[in-house]
Amino acid sequence: MIDKYLEELIINNKNLVFIGEAGSGKTEIALNMAAELVGMRKPNSVHFFDMDQTKPLFRARDKAGEFSGKGIIFHYQSQYLDAPTVVSGVNETLYDAKRTVIMDIGGGAMGSHMIGQFSKALSSEDTKVFYIVNPYRPWSGSREDIEQTMTRVLHV
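Keep in mind the model is a prediction, meaning the values are calculated, not measured.

## A few points about the overall build of the chain
What the chain contains, in helices and strands, is seven helices and five strands. Beginning at the N terminus, the succession of helices and strands in the chain can be written as α-β-α-β-α-β-α-β-α-α-β-α. Excluding contacts between residues fewer than 6 apart, the proportion of contacts in the chain whose partners are at least 24 apart in sequence is 76%. Element-wise, carbon and sulfur atoms account for 53% of the exposed surface of the chain, whose accessible area totals about 8,600 Å².

## Structural notes on the environment of Val87
The topology assignment puts Val87 in the loop between strand E3 (72–75) and helix H4 (90–95). Relative accessible area serves as the criterion here: at 7%, Val87 is assigned to the buried category. Filtering out sequence-adjacent residues up to four positions away, Val87 remains in contact with Phe49, Asp50, Met51, His75, Tyr76 and Gln77.

## With respect to the pattern of salt bridges
Side chains that differ in charge, positive against negative, can pair when their charged atoms come close. The tally for this structure, following the rule as stated, stands at two salt bridges. Between Asp96 and Arg99 there is a salt bridge, with the nearest N and O atoms lying 3.1 Å from each other. On the basis of relative accessibility, which here comes to 29%, the residue Arg99 falls in the partly exposed class. Notably, a salt bridge pairs Arg143 with Glu147, separated by 2.8 Å at the nearest N-O pair. Linking Arg143 with Glu147, this pair stays in helix H7 (residues 143–154), spanning four residues, or about one helical turn. When its relative accessible area of 62% is taken as the criterion, Arg143 is described as exposed.

## A word on the nonpolar core
With 19 residues, the main nonpolar core has Leu16, Phe18, Phe48, Ile72, Phe74 and Ile102 as its most contacted residues. Only strand E1 (15–20), helix H2 (26–40), strand E2 (45–50), helix H3 (64–68), E3 and strand E5 (127–132) provide two or more residues apiece to this core. Of all the elements, H2 adds the most residues to this core, at six residues. Residue contacts for Leu16: discarding those within four places in its chain leaves Ile10, Met33, Leu37, Val101, Ile102, Met103, Lys128 and Phe130.

## A closer look at the pairing of E2
When a strand is regular, its side chains alternate between the sheet's two faces. Extensive coverage of E2 is indicated by the burial of five of its six residues. Here six bridges tie E2 to strand E4 (residues 99–105), and the two strands are oriented parallel to one another. By the bridge assignment for E4, Ser45 is matched with Arg99. Relative to E3, E2 runs parallel, the two sharing four bridges. The residue of E3 that forms the bridge with Phe49 is His75.

## Things to note about the sheet that holds E1
Taken in spatial order, the five strands line up as E3-E2-E4-E1-E5 in an open sheet, and their pairing is parallel. The sheet terminates laterally at E3 and E5, the two strands that pair on one side only. The average undirected angle you get between the axes of adjacent strands in this sheet is 20°. Relative to E4, H2 is tilted by about 170°, and along the sheet it contacts E1, E2, E3, E4 and E5.

## Some remarks on the environment of Glu125
Position of Glu125 relative to the elements: it lies in the loop between helix H6 (119–122) and E5. In the structure, Glu125 is positioned 110 residues away from Asn15 in sequence and 9.4 Å away in space, judged by C-alpha atoms.

## Here's the deal with the packing of aromatic side chains
The final tally for this structure, using the stated rule, is two aromatic pairs. Seen from their ring centres, Phe18 and Phe130 are 5.1 Å apart, and the 15° between their planes marks the pair as stacked. Here Phe18 is found in strand E1, whereas its partner Phe130 is found in strand E5, with 112 residues between them in sequence. For Phe18, a relative accessible area of 2% corresponds to the buried category. Residue classification places Phe130 among the buried positions, given a relative accessible area of 16%.

Rules used in this analysis
Residues numbered from 1 in each chain as written. Predicted model: local features only at pLDDT ≥ 70, side-chain atom pairs only at ≥ 80, totals over all residues. Heavy atoms only, no water. Helix = DSSP H or I, 4+ residues; strand = E, 2+ residues; numbered from the N terminus. Contact = heavy atoms within 4.5 Å. Areas by Shrake-Rupley, 256 points an atom, 1.4 Å probe, with all protein chains shown as cover. Buried < 20%, exposed > 50% of the residue type's maximum accessible area, 1.4 Å probe, protein only. Salt bridge = Lys/Arg side-chain N within 4 Å of Asp/Glu carboxyl O. Core = buried A, V, L, I, M, F, W, Y, C linked by side-chain atoms within 4.5 Å. Pairing = 2+ DSSP bridges. Axes fitted to C-alpha atoms, helices over the stretch in contact; angles between N-to-C directions. Phe/Tyr/Trp six-rings, centres within 6.5 Å; stacked < 30°, edge-to-face > 60°.

Here you go:
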């Protein structure tokens, strides 16, 4: 169950973007958020976009069958050897008021650069972007490490 603080944070936002370094936990958080939102957003549909550009550890698409059974509509591109690709239908879904969008963005700077093409939609007031940090990963040991990694990932 989602806690009240998080519920208030996302209740007025239809587009939720999760970005972070490999192994940060963003995919697991995004999948669980999607599962929670299915019940909160009825009759609106919840769409999950697997936009991870590297997929080195845990891939959302590997869980598509399990989570589709919970009412989540999965979008991912079949890939050969995990070559980076962009899923179709992103803009249409981001702008559709009757659809809630969860985006799992990985792949470091390549992933954050790739979503730049959706910057207008992602800059809207009904979008929240979460940068996920796992303090137990080697690149997240201190505030300086986190800032350095975030700068590299966001390419700022």
